[in-house]
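# Descriptive analysis of the structure
Chain by chain, the residues run as shown.
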Amino acid sequence: MTREEIRRLYAQLSEKFCRGAFEEAWAQCRETVRNYYSCFPLLLQMAGLLLNHSALAGNGKLARQVQEYAAELCVRVKEGSGDVTLLRAANSLEAAASLMLGRPEEATALLKDVNRMPGLGEESIYAAAMQSQGDLSGAKEVLQVCLYRHVTELLSNLSSYLTLVSDEPEGFEEGMRRAEGICSLFRVEELHPYLAAQVAYVGGYGWYQLGEREKTIRYLQEYARLCGLIFPAALRGDAFFDRIDPWISGLELGASAPRNEKLIRRGLVEAVRENPLFAPLKEDPRFRRLVEHLEQELGDR
């Protein structure tokens, strides 16, 4: 399959999963894999699709079956493909499947070397080589994409880290200060509002863990506001990152999110409304208002 065909199929199947036709979409995934068993980019995208939508299976047994199948697809890619990019992505997805299946020891074994290899500066070398050949525009694009990737990855990892240090008041406060500084410096609210919302959500989560009710409400209100800026959910640049569109177009799914928009909207609402941590806040009218705002803004009731 071509990249464009894979994108169209992914979007179609994602829509089927989300509108309740899970068995039909699940059967179509398996049929597609049987027909294109040596198309490794397709197998990798099918694995990601299944992991992203397995929670919609309706029962734990089927969800587990879907996740096991996704892991098998990742192994198939690792065994049959010689593309380094596909191999790394397949290994990460297999680890994610292992974690979802309740086998964290498998995930850690697959990713045990993740921090052992220091950054090799490949992008800088590549950009320097392009500049030496007179391709200044290409060199700028390479480094701009590199910066964009590192900023977004840094914020994502910072958010995950901050949830782990929410029992350390000084560490959490300093981490939030730095995360918010990055958001402000790179105008993440406009560039990638989903990540900005993630930082605000972690702020609410962490401050509640530390007993700071007022700060919790304030950060969750900011989260609700930022969620309204996310859609349509698509990767994009801005006035500074003005050379990343070709890179985005070259991604396997292009600018599209890996999960269906309806599923993303539902998850953003449920992260606050259904989180048992915030249950004691349900009597606070400010909390009820921000939940109502989320439901109205994102269309999930």
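Our structure is the block above this text.
The text that follows walks through the structure, step by step, so that each part is easy to find. Since the structure is predicted, the reported quantities are computational estimates derived from the model, not experimental observations.

Rules used in this analysis
Residues numbered from 1 in each chain as written. Predicted model: local features only at pLDDT ≥ 70, side-chain atom pairs only at ≥ 80, totals over all residues. Heavy atoms only, no water. Helix = DSSP H or I, 4+ residues; strand = E, 2+ residues; numbered from the N terminus. Rg over C-alpha atoms; globule rule 2.2 N^0.38 Å. Buried < 20%, exposed > 50% of the residue type's maximum accessible area, 1.4 Å probe, protein only. Contact = heavy atoms within 4.5 Å. Areas by Shrake-Rupley, 256 points an atom, 1.4 Å probe, with all protein chains shown as cover. Core = buried A, V, L, I, M, F, W, Y, C linked by side-chain atoms within 4.5 Å. Phe/Tyr/Trp six-rings, centres within 6.5 Å; stacked < 30°, edge-to-face > 60°. Axes fitted to C-alpha atoms, helices over the stretch in contact; angles between N-to-C directions. Parallel < 35°, antiparallel > 145°, perpendicular 65-115°, else oblique. Left-handed = near helix turned anticlockwise from the far one by under 90°. Nonpolar A, V, L, I, M, F, W, Y, C, P; charged D, E, K, R; others polar. Expected span 1.5 Å × (residues − 1). Polar contact = N/O pair within 3.5 Å; in protein donor to acceptor, adjacent residues only side chain to side chain.

Within the protein chain, the regular secondary structure consists of 15 helices and zero strands. Relative to its length of 301 residues, the protein chain is compact, with a C-alpha radius of gyration of 21 Å against a globular reference of 19 Å. Principal axes of the C-alpha set define a box for the protein chain whose edges measure 55 × 55 × 35 Å. Counting over 301 residues, the protein chain shows a buried share of 41%. Contacts in the protein chain between residues far apart in sequence, at least 24 positions, make up 66% of those at least 6 positions apart. For the protein chain, the exposed area adds up to about 16300 Å²; of that, 52% sits on carbon and sulfur atoms.

Core analysis: the largest hydrophobic core is formed by 40 residues, its most contacted members being Y223, V272, F287 and L294. It is helix α11 (residues 193-209) that contributes the most residues to this core, nine residues altogether. Setting aside its immediate chain neighbours within four residues, F287 contacts I217, L220, V272, F278, L281 and K282. One finds F22, F40, C74 and L86 within the second-largest nonpolar core, a separate group that totals 34 residues.

This part is about the environment of A128. Counting through the fold element by element, A128 comes out in helix α7 (residues 122-132). On the accessibility criterion, A128 (37% relative accessible area) is partly exposed. Each C-alpha atom of the pair A128 and L164 lies 39 Å from the other, and the pair is 36 residues apart in sequence.

This part is about the packing of aromatic side chains. One pass over the structure, following the stated rule, counts 11 aromatic pairs. With 5.3 Å between their ring centres and 85 degrees between their planes, W26 and Y69 make a pair best called edge-to-face. Here W26, found in helix α2 (residues 22-35), pairs with Y69, found in helix α4 (residues 60-80); they are 43 residues apart in sequence, far enough to count as distant. Comparing W26 with Y69, the two get one shared label, buried.

Taken N-terminus to C-terminus, the directions of helix α8 (residues 136-164) and α11 make an angle of 15 degrees; their axes are 9 Å apart at the nearest point. One finds that α8 runs roughly parallel with respect to α11. For the pair α8 and α11, the crossing hand works out as left-handed. Contacts between α8 and α11 involve T152, L155, S156, S159, L162 and T163 from the first element and L195, Q198, V199, V202 and Y205 from the second. The residue inventory of the contact of α8 with α11, partitioned by class, reads six nonpolar, five polar and no charged.

Along its 16 residues, helix α1 (residues 3-18) runs 23 Å from first to last C-alpha, staying within 8% of the 22 Å computed at 1.5 Å per residue. Regarding α1, the residues found buried are I6, R7, L9, Y10, L13, S14, K16, F17 and C18. Lining the buried residues of α1 we find α2, α3 (40-53), α13 (245-250) and α14 (261-273). Following α1 by one or two positions, G20 adopts a phi angle in the positive range, close to 100 degrees.

Quick look at the side chain of S166 now. Position of S166 among the secondary structure elements: in the loop between α8 and α9 (169-185). What makes S166 buried here is its relative accessible area of 6%. At a separation of 3.1 Å, a polar atom in the side chain of S166 contacts the main-chain carbonyl oxygen of T163. For S166, the residues in contact, after removing those within four places along its chain, are F172, Y205, G206, Q209 and L210.

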